[in-house]
Amino acid sequence: MISAFLQKLGNKTLGFFQEFGQISNLLGSMIKSFPQIPRSRRLILFQMEHIGVNSLPLVLIIAIFTGAVSAWQAAYQLKGIAPLSFLGGATSRAIITELGPVLTGIVIAGRVGASIAAELGTMKVTEQIDALETMAISPIRFLAMPRFLAAIIMMPILVIFANAIAVLGAYIVSNYFLGVSFAVFFNSVKRFFIMGDLIAGLVKTVLFGGVTALLGCHIGFRTEGGAEGVGLATIRSFVVSAALILILDYVLWMLIF
(Lines give C-alpha, C1' and ligand atoms only; values in the text may rest on other atoms or scores of the structure.)
Protein backbone atom coordinates (compact mmCIF):
# COMPACT_ATOMS: atom_id res chain seq x y z
CA MET A 1 0.00 0.00 0.00
CA ILE A 2 2.80 2.41 0.89
CA SER A 3 4.64 1.54 -2.31
CA ALA A 4 1.52 2.19 -4.40
CA PHE A 5 0.95 5.51 -2.63
CA LEU A 6 4.54 6.63 -3.20
CA GLN A 7 4.36 5.56 -6.86
CA LYS A 8 1.14 7.54 -7.35
CA LEU A 9 2.62 10.55 -5.58
CA GLY A 10 5.73 10.35 -7.75
CA ASN A 11 3.66 10.15 -10.93
CA LYS A 12 1.60 13.16 -9.88
CA THR A 13 4.76 15.12 -9.06
CA LEU A 14 6.36 14.27 -12.39
CA GLY A 15 3.13 15.17 -14.18
CA PHE A 16 3.02 18.52 -12.40
CA PHE A 17 6.57 19.45 -13.41
CA GLN A 18 5.99 18.20 -16.95
CA GLU A 19 2.88 20.39 -17.31
CA PHE A 20 4.70 23.33 -15.72
CA GLY A 21 7.40 22.95 -18.34
CA GLN A 22 4.82 22.84 -21.13
CA ILE A 23 3.17 26.04 -19.84
CA SER A 24 6.58 27.73 -19.59
CA ASN A 25 7.39 26.73 -23.18
CA LEU A 26 4.04 28.11 -24.34
CA LEU A 27 4.69 31.39 -22.55
CA GLY A 28 8.17 31.61 -24.09
CA SER A 29 6.75 30.93 -27.55
CA MET A 30 4.16 33.68 -27.12
CA ILE A 31 6.81 36.15 -26.01
CA LYS A 32 8.91 35.23 -29.05
CA SER A 33 5.92 36.00 -31.27
CA PHE A 34 5.59 39.58 -29.91
CA PRO A 35 7.48 41.03 -32.93
CA GLN A 36 4.49 39.83 -35.00
CA ILE A 37 2.08 42.08 -33.04
CA PRO A 38 1.63 44.60 -35.91
CA ARG A 39 0.73 41.74 -38.23
CA SER A 40 -1.77 40.38 -35.69
CA ARG A 41 -3.33 43.72 -34.67
CA ARG A 42 -6.80 42.84 -35.98
CA LEU A 43 -6.80 39.55 -34.09
CA ILE A 44 -5.71 41.34 -30.92
CA LEU A 45 -8.40 44.01 -31.28
CA PHE A 46 -11.05 41.34 -31.84
CA GLN A 47 -9.96 39.52 -28.69
CA MET A 48 -9.88 42.79 -26.74
CA GLU A 49 -13.51 43.33 -27.69
CA HIS A 50 -14.42 39.75 -26.76
CA ILE A 51 -12.54 39.73 -23.45
CA GLY A 52 -13.07 43.33 -22.38
CA VAL A 53 -16.10 44.98 -23.96
CA ASN A 54 -18.34 41.91 -23.95
CA SER A 55 -17.43 41.12 -20.32
CA LEU A 56 -18.16 44.65 -19.07
CA PRO A 57 -21.93 44.23 -18.34
CA LEU A 58 -21.37 41.11 -16.23
CA VAL A 59 -18.41 42.68 -14.40
CA LEU A 60 -20.40 45.83 -13.58
CA ILE A 61 -23.42 43.89 -12.29
CA ILE A 62 -21.18 41.87 -9.97
CA ALA A 63 -19.24 44.99 -8.94
CA ILE A 64 -22.24 47.04 -7.82
CA PHE A 65 -23.52 44.24 -5.59
CA THR A 66 -19.99 43.60 -4.30
CA GLY A 67 -19.80 47.24 -3.22
CA ALA A 68 -23.26 47.07 -1.65
CA VAL A 69 -22.41 43.94 0.34
CA SER A 70 -19.04 45.35 1.43
CA ALA A 71 -20.79 48.47 2.79
CA TRP A 72 -23.20 46.37 4.87
CA GLN A 73 -20.34 44.20 6.10
CA ALA A 74 -18.12 47.16 6.95
CA ALA A 75 -20.96 48.88 8.81
CA TYR A 76 -21.49 45.70 10.85
CA GLN A 77 -17.76 45.42 11.62
CA LEU A 78 -17.45 49.11 12.58
CA LYS A 79 -20.49 49.01 14.85
CA GLY A 80 -19.36 49.87 18.37
CA ILE A 81 -15.73 50.23 17.26
CA ALA A 82 -15.59 53.27 14.96
CA PRO A 83 -18.12 55.81 13.62
CA LEU A 84 -19.77 55.28 10.24
CA SER A 85 -17.90 58.30 8.92
CA PHE A 86 -15.04 55.85 8.26
CA LEU A 87 -17.29 53.69 6.09
CA GLY A 88 -16.25 55.25 2.76
CA GLY A 89 -12.54 54.78 3.39
CA ALA A 90 -12.93 51.24 4.71
CA THR A 91 -15.03 50.01 1.81
CA SER A 92 -13.08 51.80 -0.93
CA ARG A 93 -9.71 50.45 0.21
CA ALA A 94 -11.07 46.90 0.46
CA ILE A 95 -12.60 47.19 -3.00
CA ILE A 96 -9.54 48.72 -4.68
CA THR A 97 -6.95 46.40 -3.18
CA GLU A 98 -8.82 43.11 -2.96
CA LEU A 99 -12.47 42.73 -3.92
CA GLY A 100 -12.34 44.44 -7.32
CA PRO A 101 -9.26 42.68 -8.72
CA VAL A 102 -9.98 39.21 -7.32
CA LEU A 103 -13.69 39.00 -8.13
CA THR A 104 -13.14 40.44 -11.60
CA GLY A 105 -10.33 37.94 -12.15
CA ILE A 106 -12.57 35.03 -11.16
CA VAL A 107 -15.39 36.30 -13.40
CA ILE A 108 -12.97 36.54 -16.34
CA ALA A 109 -11.61 33.07 -15.53
CA GLY A 110 -15.15 31.70 -15.78
CA ARG A 111 -16.25 33.64 -18.82
CA VAL A 112 -13.04 34.03 -20.84
CA GLY A 113 -10.64 31.35 -19.61
CA ALA A 114 -13.21 28.61 -20.09
CA SER A 115 -14.17 30.08 -23.47
CA ILE A 116 -10.56 30.05 -24.67
CA ALA A 117 -10.13 26.42 -23.58
CA ALA A 118 -13.37 25.42 -25.31
CA GLU A 119 -12.54 27.24 -28.56
CA LEU A 120 -8.99 25.94 -28.84
CA GLY A 121 -9.99 22.50 -27.58
CA THR A 122 -12.64 22.21 -30.28
CA MET A 123 -10.11 23.31 -32.89
CA LYS A 124 -7.65 20.73 -31.56
CA VAL A 125 -10.00 17.73 -31.63
CA THR A 126 -11.35 18.69 -35.08
CA GLU A 127 -7.75 19.02 -36.39
CA GLN A 128 -8.13 22.69 -37.32
CA ILE A 129 -4.88 23.48 -35.50
CA ASP A 130 -3.11 20.82 -37.57
CA ALA A 131 -4.56 22.48 -40.68
CA LEU A 132 -3.08 25.84 -39.61
CA GLU A 133 0.35 24.25 -39.21
CA THR A 134 -0.02 22.63 -42.64
CA MET A 135 -0.60 26.11 -44.11
CA ALA A 136 2.55 27.37 -42.32
CA ILE A 137 0.49 29.51 -39.91
CA SER A 138 1.78 29.43 -36.34
CA PRO A 139 -1.02 28.51 -33.90
CA ILE A 140 0.87 30.41 -31.18
CA ARG A 141 0.95 33.63 -33.19
CA PHE A 142 -2.52 33.24 -34.67
CA LEU A 143 -4.46 31.85 -31.68
CA ALA A 144 -2.60 32.13 -28.37
CA MET A 145 -0.68 35.42 -28.48
CA PRO A 146 -3.70 37.66 -29.34
CA ARG A 147 -5.74 36.18 -26.50
CA PHE A 148 -2.85 36.53 -24.04
CA LEU A 149 -2.15 40.17 -24.94
CA ALA A 150 -5.84 41.10 -24.97
CA ALA A 151 -6.34 39.64 -21.49
CA ILE A 152 -3.34 41.53 -20.10
CA ILE A 153 -4.48 44.81 -21.65
CA MET A 154 -8.19 44.62 -20.83
CA MET A 155 -8.11 43.26 -17.28
CA PRO A 156 -6.86 46.53 -15.67
CA ILE A 157 -9.44 48.51 -17.66
CA LEU A 158 -12.23 46.21 -16.50
CA VAL A 159 -11.06 46.51 -12.89
CA ILE A 160 -11.02 50.32 -13.04
CA PHE A 161 -14.67 50.27 -14.12
CA ALA A 162 -15.46 47.60 -11.50
CA ASN A 163 -13.82 49.64 -8.72
CA ALA A 164 -15.77 52.76 -9.63
CA ILE A 165 -19.12 50.93 -9.80
CA ALA A 166 -18.41 49.01 -6.58
CA VAL A 167 -17.67 52.24 -4.70
CA LEU A 168 -20.91 53.66 -6.12
CA GLY A 169 -22.79 50.60 -4.85
CA ALA A 170 -21.22 51.06 -1.42
CA TYR A 171 -22.28 54.71 -1.40
CA ILE A 172 -25.88 53.89 -2.37
CA VAL A 173 -26.21 51.47 0.55
CA SER A 174 -24.42 53.86 2.92
CA ASN A 175 -26.59 56.83 1.92
CA TYR A 176 -30.04 55.27 1.61
CA PHE A 177 -29.87 52.58 4.31
CA LEU A 178 -27.19 53.68 6.78
CA GLY A 179 -27.69 57.44 6.78
CA VAL A 180 -24.18 58.41 5.61
CA SER A 181 -24.27 61.56 3.47
CA PHE A 182 -22.50 62.05 0.14
CA ALA A 183 -20.00 64.50 1.64
CA VAL A 184 -19.14 62.29 4.63
CA PHE A 185 -18.78 59.14 2.51
CA PHE A 186 -16.56 60.60 -0.22
CA ASN A 187 -14.52 62.75 2.17
CA SER A 188 -13.63 59.49 3.89
CA VAL A 189 -12.77 57.90 0.53
CA LYS A 190 -10.55 60.88 -0.32
CA ARG A 191 -8.93 60.92 3.12
CA PHE A 192 -7.87 57.27 3.08
CA PHE A 193 -7.22 56.86 -0.65
CA ILE A 194 -3.63 55.89 -1.49
CA MET A 195 -2.48 55.78 -5.11
CA GLY A 196 -0.21 52.84 -4.29
CA ASP A 197 -3.27 50.74 -3.42
CA LEU A 198 -4.80 51.37 -6.83
CA ILE A 199 -1.54 50.64 -8.65
CA ALA A 200 -0.99 47.43 -6.66
CA GLY A 201 -4.51 46.28 -7.48
CA LEU A 202 -3.99 46.93 -11.19
CA VAL A 203 -0.64 45.11 -11.16
CA LYS A 204 -2.41 42.08 -9.72
CA THR A 205 -5.02 42.17 -12.46
CA VAL A 206 -2.35 42.09 -15.18
CA LEU A 207 -1.03 38.84 -13.71
CA PHE A 208 -4.55 37.45 -13.22
CA GLY A 209 -5.42 38.14 -16.86
CA GLY A 210 -2.16 36.67 -18.12
CA VAL A 211 -2.54 33.50 -16.04
CA THR A 212 -6.15 33.02 -17.16
CA ALA A 213 -5.34 33.35 -20.86
CA LEU A 214 -2.15 31.29 -20.60
CA LEU A 215 -3.89 28.39 -18.87
CA GLY A 216 -6.86 28.56 -21.25
CA CYS A 217 -4.52 28.32 -24.25
CA HIS A 218 -2.41 25.54 -22.72
CA ILE A 219 -5.40 23.40 -21.78
CA GLY A 220 -7.07 24.05 -25.13
CA PHE A 221 -3.98 23.01 -27.09
CA ARG A 222 -3.69 19.79 -25.02
CA THR A 223 -7.34 18.76 -25.35
CA GLU A 224 -8.05 15.18 -26.41
CA GLY A 225 -11.07 12.90 -26.54
CA GLY A 226 -13.65 14.65 -28.69
CA ALA A 227 -16.65 16.47 -27.23
CA GLU A 228 -16.16 14.95 -23.77
CA GLY A 229 -12.55 16.13 -23.75
CA VAL A 230 -13.62 19.66 -24.66
CA GLY A 231 -16.08 19.70 -21.76
CA LEU A 232 -13.44 18.48 -19.32
CA ALA A 233 -10.95 21.05 -20.64
CA THR A 234 -13.47 23.85 -20.11
CA ILE A 235 -14.11 22.84 -16.51
CA ARG A 236 -10.41 22.34 -15.78
CA SER A 237 -9.50 25.73 -17.22
CA PHE A 238 -11.89 27.56 -14.89
CA VAL A 239 -11.02 25.53 -11.79
CA VAL A 240 -7.25 25.84 -12.21
CA SER A 241 -7.41 29.53 -13.19
CA ALA A 242 -9.61 30.43 -10.20
CA ALA A 243 -7.36 28.52 -7.82
CA LEU A 244 -4.20 30.15 -9.20
CA ILE A 245 -5.78 33.61 -8.97
CA LEU A 246 -6.38 33.11 -5.25
CA ILE A 247 -2.90 31.68 -4.72
CA LEU A 248 -1.31 34.55 -6.67
CA ASP A 249 -3.38 37.03 -4.69
CA TYR A 250 -1.93 35.71 -1.44
CA VAL A 251 1.64 35.72 -2.76
CA LEU A 252 1.30 39.25 -4.16
CA TRP A 253 -0.17 40.52 -0.89
CA MET A 254 2.97 39.28 0.90
CA LEU A 255 5.27 40.88 -1.70
CA ILE A 256 3.48 44.21 -2.24
CA PHE A 257 1.93 45.04 1.12
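Residues numbered from 1 in each chain as written. Predicted model: local features only at pLDDT ≥ 70, side-chain atom pairs only at ≥ 80, totals over all residues. Heavy atoms only, no water.

(A) Representation of the confidence of the model for the protein chain within the structure. Of all residues in the protein chain, 100% attain a pLDDT of 70 or more, and the chain-wide mean is 91. Of all the helices and strands in the protein chain, helix α1 (residues 2-32) carries the lowest mean pLDDT, 88, while helix α6 (residues 139-177) carries the highest, 94. (pLDDT = per-residue confidence, 0-100. Helix = DSSP H or I, 4+ residues; strand = E, 2+ residues; numbered from the N terminus.)

(B) Spatial organisation of empty space enclosed by the protein. A complete count under the given rule lists one cavity of 30 Å³ or more for this structure. Approximately 80 Å³ is the volume found for the largest cavity. Those elements giving two or more residues to the lining of the largest cavity turn out to be α3 (56-78), α4 (87-125) and α6. Take the lining of the largest cavity: its biggest share by element is six residues, from α4. In terms of residue class, the lining of the largest cavity is made up of nine nonpolar, four polar and no charged. (1 Å grid on protein atoms, 1.4 Å probe; cavity = no way out; pocket = protein on both sides within 12 Å on 5 of 7 lines; lining within 4 Å. Points joined across faces, edges and corners; volume = space filled by probe spheres on them. Nonpolar A, V, L, I, M, F, W, Y, C, P; charged D, E, K, R; others polar.)

(C) A look at the environment of alanine 170. Note that alanine 170 resides in helix α6. By relative accessible area, which is 0% here, alanine 170 ends up buried. Every residue in contact with alanine 170, bar those within four places of it in the chain, is listed here: Gly67, Ala68, Ser70, Ala71, Thr91 and Phe185. (Buried < 20%, exposed > 50% of the residue type's maximum accessible area, 1.4 Å probe, protein only. Contact = heavy atoms within 4.5 Å.)

(D) Structural detail: the pattern of salt bridges. In total, this model carries five salt bridges according to the counting rule given. The closest approach of N and O atoms between arginine 93 and aspartate 197, which form a salt bridge, is 3.0 Å. On the criterion of sequence distance, the pair formed by arginine 93 in helix α4 and aspartate 197 in helix α8 (residues 195-221) is long-range, its members being 104 residues apart. Its relative accessible area of 8% is what places aspartate 197 among the buried residues. Shared partners join several salt bridges into a network, and the residues in it are Glu98, Lys204 and Asp249. (Salt bridge = Lys/Arg side-chain N within 4 Å of Asp/Glu carboxyl O.)

(E) Spatial organisation of the nonpolar core. Leu26, Met30, Leu120, Leu143, Cys217 and Phe221 are the most contacted members of the largest nonpolar core, which totals 35 residues. At the level of secondary structure, the elements contributing two or more residues to this core comprise α1, α2 (41-53), α4, α5 (128-134), α6, α8 and α9 (226-256). In this view, phenylalanine 221 contacts Leu26, Leu120, Lys124, Ile129, Pro139, Ile140, Leu143 and Ala144; residues no more than four positions away in its chain are not counted. (Core = buried A, V, L, I, M, F, W, Y, C linked by side-chain atoms within 4.5 Å.)

(F) How the structure looks around the packing of α6 against helix α7 (residues 182-192). In the contact formed by α6 and α7, the axes pass within 10 Å of each other and the chain directions differ by 140 degrees. When the axis of α6 is compared with that of α7, the two are oblique. Between α6 and α7 lies a crossing whose hand is right-handed. On α7, the residues touching Val167, Ala170, Tyr171, Ser174 and Asn175 of α6 are Phe182, Phe185 and Phe186. Taken together, the residues of the contact of α6 with α7 break down into six nonpolar, two polar and no charged. (Axes fitted to C-alpha atoms, helices over the stretch in contact; angles between N-to-C directions. Parallel < 35°, antiparallel > 145°, perpendicular 65-115°, else oblique. Left-handed = near helix turned anticlockwise from the far one by under 90°.)

(G) Structural view of unusual backbone geometry. With a phi close to 65 degrees, glutamate 127 is a non-glycine residue in the positive phi region. By the secondary structure assignment, glutamate 127 is in the loop between α4 and α5.

(H) Just the packing of aromatic side chains, in detail. As enumerated under the stated definition, the model contains nine aromatic pairs in all. Where phenylalanine 16 meets phenylalanine 17, the ring centres are 5.3 Å apart and the plane angle is 75 degrees; that geometry is what we call edge-to-face. Comparing phenylalanine 16 with phenylalanine 17 shows no difference in burial state: the two are exposed. Aromatic ring contacts, followed pair by pair, group Tyr171, Phe182, Phe185 and Phe186 into a single cluster. (Phe/Tyr/Trp six-rings, centres within 6.5 Å; stacked < 30°, edge-to-face > 60°.)

(I) Geometry of the environment of threonine 66. With respect to the helices, strands and loops of the structure, threonine 66 is situated in helix α3. The spatial distance from the C-alpha of threonine 66 to the C-alpha of glycine 169 is 7.6 Å, given a sequence separation of 103 residues. Discounting residues that sit within four places of it in the chain, threonine 66 has contacts with Leu99 and Leu103.

(J) Broad picture of the layout of surface pockets. Estimates place the volume of the largest pocket at around 540 Å³. Forming the walls of the largest pocket are 20 residues, and the residues nearest its centre are Phe20, Ile23, Leu215, Val240 and Leu244. Secondary structure elements with two or more residues in the lining of the largest pocket: α1, α8 and α9. Here the lining of the largest pocket gets seven residues from one element, more than from any other, and that element is α1. Here the residues of the lining of the largest pocket are counted per class, giving 14 nonpolar, four polar and two charged.

(K) Structural detail: α3. Its 23 residues place the ends of α3 32 Å apart at the C-alpha level, agreeing with the 33 Å of an ideal helix rising 1.5 Å per residue. Regarding α3, the residues found buried are Val59, Ala63, Thr66, Gly67, Ala68, Ser70, Ala71, Ala74, Ala75 and Leu78. Against α4 and α6 lie the buried residues of α3. Phi turns positive one or two residues past the end of α3, at glycine 80, with a value near 80 degrees. (Expected span 1.5 Å × (residues − 1).)

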